[in-house]
Structure formats: C-alpha cells, structure tokens
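Okay, here's what each chain looks like letter by letter:
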Amino acid sequence: MREEHRIVRLAKPVKKGLLHLVFSRFLIIFLLMGLQVGVFVVLYGWLAHLSRYTIVAQTVFTGIVVIYLFNNEMDTSAKLTWLFLISLFPLPGAALLSFTQTNLGHRNLKQQVDRRIQESKKALLQPEGVLEQLEREGDGTEDLVRYLNRSGCFPAYRDTEVKYYPQGEDTFPAMIRELEKAERFIFLEFFIIEEGYMWGQVLDILIRKADAGVDVRVMYDGMCEMFHLPHAYWKLLQEHGIQAQPFAPIRPIVSSHYNYRDHRKILVIDGKVAFTGGVNLADEYINRIQRFGRWKDTAIMLRGTAAHSFTLMFLQLWNTRDPSPISLPEWSDTSPEAPDPGGFVIPYCDCPLDEDKVGETVYMDILYRATDYVHIMTPYLILDGEMEAALKYAAQRGIDVKIILPGIPDKKLANALAKSHYRALTAAGVKLYEYTPGFVHAKVFVSDAKKAVIGTINLDYRSLYHHFECAAYLFQVPCIPDIEEDFQATLSQCRLVTEETMKQESFTVRFLSHLMKFIAPLM
C-alpha cells in the first residue's frame, strides 16, 4: 500500500447544483451573453416589420448562406442540422451559421494554433529505419503515419515501453511515483482539474518540485472555472511558483471559439515519461467519490522517446498566448527500462480548427483494415454518417465489432441520442453492451491482437469535430493483450443490447432519441 502524500487545497471545492449556478459567475456571464443575443433578436424583429425590400434582402441573404452551406466541406450530418435550423428560422439560422463561420474569436484562435503547428512541424525527427520496419510488416501502418504527418509532427517510435492501466485507481499511484522522480520539468494539461483528494496530492508534489527549481507548468480547459474551479485559479497556482493558464477561458462575450475545448489529458515528466488516457484530475476518476455508479476509465504510461511527442503537443497549445517561438527542452537519456520494449508507438493529436479529422480517420482506418475483431469502449455514441457506415461495414464483412457503453449515463440527452444508433448498428451485426456497474469513461480501440488506440477521443461529435484531443496508436506493443483482457473483463459486467431491451426503453427516451437526432452535431 503506497504512502499517501499531503493533500493541498488552494480553494474551497466548487459547489454543484442549480443554487450554486444562480449565485455564481456563471449566471453573470450567462446574462451578459443573453443580453447580446437579445439585441440581435430585437434587431431581427425590427427588420421584420420593414418594407418588402428588407424581406427580399433577407431571402437573398438566406439563399446565399444555403448555397455556401452546400459547397462547404463540413460533415453531411452537420449540413442537415443547419438546413433544419434555417428551414425553421430562415434569417436567424442563416445569421447564426454565418457568425460561426466568420467569428473573429474563432479566426484568432485558429491563426495562433496554426502558427504553432506549422513552426514546429519538423521539431521532432522520424527515427531512422522505423518507417522501413513498418513497411516490412505489410499492414499499412506506415501509410497511417504519413497521413498523420500531414497535419502535425507525429513520428513513429520503436524504443518506447508502454504500460496499460485498466482503472483510474491504478493510474493515480503511477502518476505520483513518476512525479516524485521529476528533475527538470513537469508539463500537465487536463480537461478537468478539481480540488480534492487526487488533485491535492498531485499539487503537493508540484509545489515542492517548483520550490526545488523544476519547471512546472499546468494548463486546464477554461470551462473548468465555470464548474470545477474558482475564477482565476491559475493565479493561486502562480503564487506557489507554478506556471499556469486556462485554455480559452470563458468571458461574457458571445463567440464561437468557446465551442473548441481542450479535452486532452497529458502529463509529461522530464521528456522521459508521458501519461494519457481518459483520467482527469478529480476524485470520481479514481472512485474516491461515486456520481454515476462505478467509474471505469483507462490510461497508458509511455517511457521512452515517444514522450517527446507529448511534450511538443503540450507546448503547441501552451504557446498560443506567447508570441515567442516554441523552445523544446534539451532531451536527456530517455531509454526505456526494458532493452527492447517491442512494437511501435505513434502519439498524435487532433486539432478541430484544420480540415483533417484525425481522430475519426484513425478509428476508421482500424475498422477498415481489421481482419478479426475491433473492440471499443466509449462513454458516448453520437455518430456522423461516415463513422456509422464504417462500424456497420466492418460487422457486415464478418468482423467481430463490440462496443461497451455506460450502463449509468452522466448525460441523459447524450445517452438518448446514443440509443438512436442502436437499431441500425445491431441490425448490421455490431454488438452493443452497457456496463451495469456504472459509467464507462474509457476511450479504447483494440483490434486483431496487434493494434490499439488509448487516448481522449470519444465516439461523438464533440471529440471528433470540436475538441482538441490526443491519443497514442499502438502497433504490436506487448501490452495490447492486457488491453484486450481488460475489455473482456469489463464485458463480463455488461448487459447485451437486444431487440427486447430496446423495446423496453421508456417512451421519453425513445422520443428524445429521435428528436435529438436533428441537432446531433451540436451535442
């Protein structure tokens, strides 16, 4: 049993519930944003009472926006959603689409991220001989590496040991052990950080390491300060010698760039070790508290030069608010403990502001190349037409496609929307299961006993289209049997979705599943 560290608290835990929202900064921001929307509504009402020339102008504007929509490269399901909104509310719908496509906040964020990615595209060199080894395997993985490097700097590595953790409770002690070893830097980027037992112990180490001269940096998604942390929490961290910043903090100005959240989970220590997966830094992720039954999550630890890729990913977003070029640390010895860890590791990330839907493409590549099975764990199932077609096609050609979903959902509407895919998928031969002990938050693909992806990417629109995400693609890595073993162990605690169980769903769930389909791309 490991020795527990001191639990540090910099602020009182943020209270949950409707009453807290009413008396919080959230209400002020909501009201100010609502006031801005109200101005647009009043303006629209005023215009609606003007002459027929105004009506003609509205019709022409709406027509131009619809033509633009048809020629846009966005997903077909998203186009249908926008057409649905425009058909109900022609001018407001067209104006909203125009706003989301031209908003300055979105454009500024895109320019900052693009600049950082482009200037660091050759920051990490592809280790010699690795692509040639992949080509000799004849599995097409080298093609995937070439595709990934169209949108970033994602080398394939041979010299990295991978450890798989089937629970948050397993991940947390490993994080603590590695944090205690830090000598040069700690880069920490998480979607959710929340005051409590887990974060308090991590924070204790971060403060001590910062006092000892270690470069400690913390970045969390700006939405945290709405629901999980007090406002300007980063200042409290800075008072203890920790460099900190929120990504895309929420301000009382209507902007489409709030749609793009930093959903990544990255911990890098000295460029030698990196963690990623579904585990955030809050107590439910280690079942210290239970909100939706038992919380099932997963993570991996990389020990070796693949940690360099996660270092670069962190710095690319960290430096979006810094005009100076990205400066990578000088790498010390990163040799894994095992002399030949085996397999190939390809860390990658997905930026929602470019044209490459990297997360979805990697998943579909696994589905299309599978020869035996594809086993999946995901908390959400909100699919576009392409992903649904890929899942169905894999099953229809005889691949064993199984998906484990939550038995106790955290979001009722998202769960209802997931069920809208059940009938089509099961009819094609995809086997769906619900985890009866609680909530599955793991994001896992494992295939053919030789491929796996562990990371932050859910099977939903937000992850595949709107979030900054990251993952590691594993090929022939020794821990892949561990991942499949965990899948099977989790499967034993699940109920199979059948025609009978679908008929037993309440009228409300079935009604919502059909209704929410109209706005699925907005979920």
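So, a few notes on the structure that sits alongside this text. Because the structure is predicted, anything quoted here is derived from the model rather than measured.

### Some points on the overall build of the chain
Within the chain, the regular secondary structure consists of 21 helices and 18 strands. Put simply, the chain has 523 residues, and 57% of those count as buried. A sequence separation of at least 24 residues applies to 82% of the contacts in the chain between residues at least 6 apart. Summed over its atoms, the accessible surface of the chain is roughly 22600 Å², and 59% of this surface lies on carbon and sulfur atoms.

### Considering helix α4 (residues 76–88)
For α4, built from 13 residues, the straight-helix expectation of 18 Å at 1.5 Å per residue is met to within 8% by its first-to-last C-alpha distance of 19 Å. Here α4 has its buried residues at Ser 77, Ala 78, Lys 79, Thr 81, Trp 82, Leu 85 and Ile 86.

### Quick word on unusual backbone geometry
Excluding glycine, residues mostly have negative phi values, and the peptide bonds linking residues are mostly trans. Unlike most non-glycine residues, Ala 232 shows phi in positive territory, near 60°. With respect to the element layout, Ala 232 can be found in the loop between α11 (224–227) and α12 (233–238). We note that Gln 476 has phi near 60°; this positive angle belongs to a residue other than glycine. When you line up the elements, Gln 476 lands in the loop between β17 (467–475) and α19 (480–491). Look at Gln 476 and you get partly exposed, because its relative accessible area is 31%.

### As for the side chain of Thr 298
Structurally, Thr 298 is set in the loop between β8 (294–296) and β9 (299–303). Ignoring anything within four residues of it in the chain, the contact list for Thr 298 reads Tyr 164, Tyr 165, Pro 166, Gly 277, Gly 278, Val 279, Ala 442, Lys 443, Val 444, Ile 454 and Asp 486.

### Re helix α14 (residues 358–369)
Its 12 residues place the ends of α14 16 Å apart at the C-alpha level, agreeing with the 16 Å of an ideal helix rising 1.5 Å per residue. A large share of α14 lies buried, amounting to 9 of its 12 residues. The set of residues buried in α14 consists of Val 358, Gly 359, Glu 360, Val 362, Tyr 363, Met 364, Asp 365, Ile 366 and Leu 367.

### Quick look at the sheet that holds strand β1 (residues 161–165)
Strand order in this open sheet of 7 strands is β1-β9-β7-β6-β2-β3-β4, and the pairing throughout is mixed. Each edge of the sheet is formed by a strand with only one pairing partner; in this case those strands are β1 and β4 (243–247). For this sheet the average axis-to-axis angle between neighbouring strands, irrespective of direction, equals 10°. Pairing of strand β6 (residues 265–269) with strand β7 (residues 273–277) involves 3 bridges; the strand directions are antiparallel. Across the sheet, the residue bridging to Val 268 is Ala 274, located in β7.

### Some remarks on the pairing of strand β11 (residues 373–377)
The buried fraction of β11 is high, at 5 of 5 residues. The alternating pattern of β11 places Tyr 373, His 375 and Met 377 and Val 374 and Ile 376 on opposite faces, both of which are buried. Across 5 bridges, the pairing between β11 and strand β12 (residues 400–406) is parallel. The partner of Tyr 373 across the bridge, within β12, is Asp 400. Of the crossover connections in this fold, the one passing from β11 over helix α15 (residues 385–396) to the parallel β12 is right-handed. Sheet analysis places β11 next to strand β15 (residues 444–447), joined by 4 bridges and oriented antiparallel. Bridged to His 375 within β15 is Val 446.

### Quick notes on the environment of Thr 490
Tracing the chain through its elements places Thr 490 in helix α19. Overall, Thr 490 belongs to the buried group, its relative accessible area being 3%. When near neighbours in sequence (up to four residues on either side) are disregarded, Thr 490 contacts Lys 296, Met 377, Ile 404 and Tyr 435.

### Some points on the packing of aromatic side chains
Any pair of aromatic rings gets described here by the distance separating the centres and the angle formed by the planes. Scanning all chains against the criterion turns up 16 aromatic pairs. Judged by centre distance (6.3 Å) and plane angle (55°), the ring pair of Tyr 380 and Phe 439 falls under tilted. Linking Tyr 380 in the loop between β11 and α15 with Phe 439 in strand β14 (residues 438–440), this pair joins segments that are 59 residues apart in sequence. The exposure class assigned to Phe 439 is buried, which follows from its relative accessible area of 0%. An aromatic cluster is present here, built from Tyr 285, Phe 292, Trp 295, Tyr 380 and Phe 439 joined pairwise through their rings. The ring of Phe 344 carries Arg 158 above its face, with NZ or CZ at 4.6 Å from the centroid. One cation-aromatic arrangement involves Arg 288 over Tyr 197; the distance from NZ or CZ to the ring centre is 3.6 Å.

Rules used in this analysis
- Residues numbered from 1 in each chain as written.
- Predicted model: local features only at pLDDT ≥ 70, side-chain atom pairs only at ≥ 80, totals over all residues.
- Heavy atoms only, no water.
- Helix = DSSP H or I, 4+ residues; strand = E, 2+ residues; numbered from the N terminus.
- Buried < 20%, exposed > 50% of the residue type's maximum accessible area, 1.4 Å probe, protein only.
- Contact = heavy atoms within 4.5 Å.
- Areas by Shrake-Rupley, 256 points an atom, 1.4 Å probe, with all protein chains shown as cover.
- Expected span 1.5 Å × (residues − 1).
- Pairing = 2+ DSSP bridges.
- Axes fitted to C-alpha atoms, helices over the stretch in contact; angles between N-to-C directions.
- Right-handed = clockwise from strand over helix to strand, strands pointing away.
- Phe/Tyr/Trp six-rings, centres within 6.5 Å; stacked < 30°, edge-to-face > 60°.
- Lys NZ or Arg CZ within 6 Å of the ring centre and 35° of its normal.

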